[in-house]
Amino acid sequence: MTVTLEVSDNVGTIRLDRPPMNALDVAVQDRLRELAEEAGRRDDVRAVILYGGEKVFAAGADIKEMQVMDHAAMVARSKALQGSFTAVARIPKPVVAAVTGYALGGGCELALCADFRIAADNAKFGQPEILLGLIPGAGGTQRLARLVGPSKAKDLIFTGRQVRADEALAIGLVDRVVPAAEVYEQAHAWAARLARGPAIALRAAKESVDAGLETDIDTGLTIERNWFAGLFATEDRERGMRSFVEEGPGKAKFL
C-alpha cells in the first residue's frame, strides 16, 4: 500500500510509503482521504501523526501523471485533490506532521493540514508550483497564508523557493525543529500526550479554532460558546472538575 494507518497506544500514524520521494499521485491522494476518514471514525485513534519516513516527507505531486492531464481532466480531478487534503485537515482529533527531508508542493500542503508541525533539521519546505506555470492546488494558497500571513505566503508561492527548517521555524511554518533522528519520536510524544486528554473537548477546541478563523469574531464566539456549554453534558467534564476539586489541577485521567 502507498499509504498506511498503524495504531499504537491510541496514536494513529498515517504513513506515506511510495519510494523514493513519496510523490502524491491520484492513488496516494485517494488513499489519504480514506485513511483520514478512518482515523476520524476509530475510537482507538485519539491523535494522529502524518509521516513520510526517515528520508523524505513528500516531494510533491506526480508530475509525470499530471503532465498528460488536460484542462478538462484537471477540472474533473481538482475537487477530489483538494478533498483529500481537506479530509486530513478535518480529522476531528489532534494531528501532528513529522517532517523529514523534502516537503514540497503537495508535501508542504499536506503538512499544512496538521495542527502542529515538527521538522527535522534537514527538512526543506516550499511551494514550487510557479516554476511549472501553476499555483498550489491542494490548499497551499489558503492554508499557508492563514498560517504565516499573506506577505510571507506570497514570497514562497511567487518565487517557488525552498526554505530550510530554521527559516520555516522563524516564519511560523513549523513549530519545532529537532535532529532528524528524533522527529518521529517527538511527534509521537506530542500525539501520545494529547491522546490521553479529553477527546470531546479536544475536538471542540480544534473545531472552534478552525471554524472561527473562517468567519467574523461574533460568529466565532458563538461557535465557542455553544461548544463550551455543550461540554458540560460530557463525562470528561465531570471527571475533570471532580479531579480538580478532590486532587488538584492536572491529575484527571480521561481514558
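It should be noted that the structure appears before, not after, this text.
Quick caveat, the model's predicted, so the values are computed rather than measured.

A few words on the overall build of the protein. For the protein, the count of helices and strands is eleven helices and nine strands. Relative to the compact-globule value of 18 Å for 255 residues, the protein shows a C-alpha radius of gyration of 19 Å, a close match. Taking the principal axes of the C-alpha coordinates as reference, the protein spans close to 65 × 40 × 35 Å. Each of the 255 residues in the protein was classed as buried or not, and the buried ones make up 43%. Summarising the internal contacts of the protein: among those between residues at least 6 apart in sequence, 69% fall at separations of at least 24. For the protein, the exposed surface amounts to about 13,400 Å²; the carbon and sulfur share of it is 55%. For the protein, the distance from the average position of its 32 positive side-chain charges to the average position of its 35 negative side-chain charges is 1 Å.

Before going further, it helps to spend a moment on the sheet that holds strand 7 (residues 124–126). Reading across from one edge, 5-7-8 is the order of the three strands in this open sheet, with mixed pairing throughout. Each edge of the open sheet is held by one strand with a lone partner, namely strand 5 (102–104) and strand 8 (162–164). Strand after strand, the sheet turns through a mean of 20° between neighbouring axes, direction not considered. Bridge count between strand 7 and strand 8: three bridges; the pairing is antiparallel. Bridging across to strand 8, Gly126 finds its partner in Gln162.

Two elements in contact, helix 9 (residues 199–213) and helix 10 (residues 217–230), have axes whose closest approach is 9 Å; the angle formed by their N-to-C orientations is 170°. Considering their axes alone, helix 9 and helix 10 lie roughly antiparallel with respect to each other. Across from Ile200, Arg203, Ala204, Glu207, Ser208, Ala211 and Gly212 in helix 9, the residues of helix 10 making contact are Gly220, Ile223, Glu224 and Trp227. Classifying every residue of the contact of helix 9 with helix 10 by side-chain character gives five nonpolar, three polar and three charged.

On to the layout of surface pockets. Approximately 1,000 Å³ is the volume attributed to the largest pocket. Surrounding the largest pocket, 35 residues form its lining, Ala89, Cys113, Arg143, Asp210 and Glu214 being those nearest its centre. The leading source of residues in the lining of the largest pocket is helix 9, at nine residues. Along the lines of polarity and charge, the residues of the lining of the largest pocket split into 17 nonpolar, seven polar and eleven charged. Taken as a whole, the second largest pocket spans an internal volume of roughly 540 Å³. Every residue lining the second largest pocket is counted, 31 residues in all, and those nearest its centre are Ala61, Met66, Leu81, Glu129 and Leu134. Sorting the residues of the lining of the second largest pocket by element identifies helix 1 (26–41), helix 2 (63–67), helix 3 (71–89) and helix 4 (106–112) as the ones contributing at least two each. In terms of residue count, the dominant contributor to the lining of the second largest pocket is helix 3 (six residues). When the residues that make up the lining of the second largest pocket are grouped by side-chain class, the tally is 17 nonpolar, seven polar and seven charged.

Another aspect to go through is helix 9. With 15 residues, helix 9 extends 21 Å from end C-alpha to end C-alpha; this agrees with the ideal 21 Å at 1.5 Å per step. Taken as a whole, helix 9 has its buried residues at Ala204, Lys206, Ser208 and Gly212. Those residues of helix 9 that are buried are in contact with helix 3, strand 4 (95–99) and helix 10.

Evaluated as defined, the whole model comprises 14 salt bridges. Of the charged contacts, one joins Asp155 and Arg161 as a salt bridge, the two residues approaching to 2.8 Å between their closest N and O atoms. We classify Asp155 as partly exposed; its relative accessible area is 30%. With a shortest N-O distance of 4.0 Å, Arg239 and Glu235 are connected by a salt bridge. In this pair, Arg239 and Glu235 are both assigned in helix 11 (residues 235–247), four residues apart and thus about one turn of the helix distant. By relative accessible area, Arg239 is classed as partly exposed at 25%.

Okay, the pairing of strand 2 (residues 11–16) next. In terms of burial, strand 2 is largely enclosed, as five of its six residues are buried. Bridge count for strand 1 (residues 3–8) against strand 2 is six bridges, and the pairing is antiparallel. Counted as the bridge partner of Ser8 is Val11 from strand 2. The loop that links strand 1 with its antiparallel partner strand 2 comprises two residues; one of these, Asp9, has a positive phi angle of about 55°. Where strand 2 lies against strand 3 (residues 47–51), five bridges are found, and the strand directions are parallel.

What counts and what doesn't
- Residues numbered from 1 in each chain as written.
- Predicted model: local features only at pLDDT ≥ 70, side-chain atom pairs only at ≥ 80, totals over all residues.
- Heavy atoms only, no water.
- Helix = DSSP H or I, 4+ residues; strand = E, 2+ residues; numbered from the N terminus.
- Rg over C-alpha atoms; globule rule 2.2 N^0.38 Å.
- Buried < 20%, exposed > 50% of the residue type's maximum accessible area, 1.4 Å probe, protein only.
- Contact = heavy atoms within 4.5 Å.
- Areas by Shrake-Rupley, 256 points an atom, 1.4 Å probe, with all protein chains shown as cover.
- Lys, Arg positive; Asp, Glu negative; His and termini not counted.
- Charge placed at Lys NZ, Arg CZ, Asp CG, Glu CD.
- Pairing = 2+ DSSP bridges.
- Axes fitted to C-alpha atoms, helices over the stretch in contact; angles between N-to-C directions.
- Parallel < 35°, antiparallel > 145°, perpendicular 65-115°, else oblique.
- Nonpolar A, V, L, I, M, F, W, Y, C, P; charged D, E, K, R; others polar.
- 1 Å grid on protein atoms, 1.4 Å probe; cavity = no way out; pocket = protein on both sides within 12 Å on 5 of 7 lines; lining within 4 Å.
- Points joined across faces, edges and corners; volume = space filled by probe spheres on them.
- Expected span 1.5 Å × (residues − 1).
- Salt bridge = Lys/Arg side-chain N within 4 Å of Asp/Glu carboxyl O.

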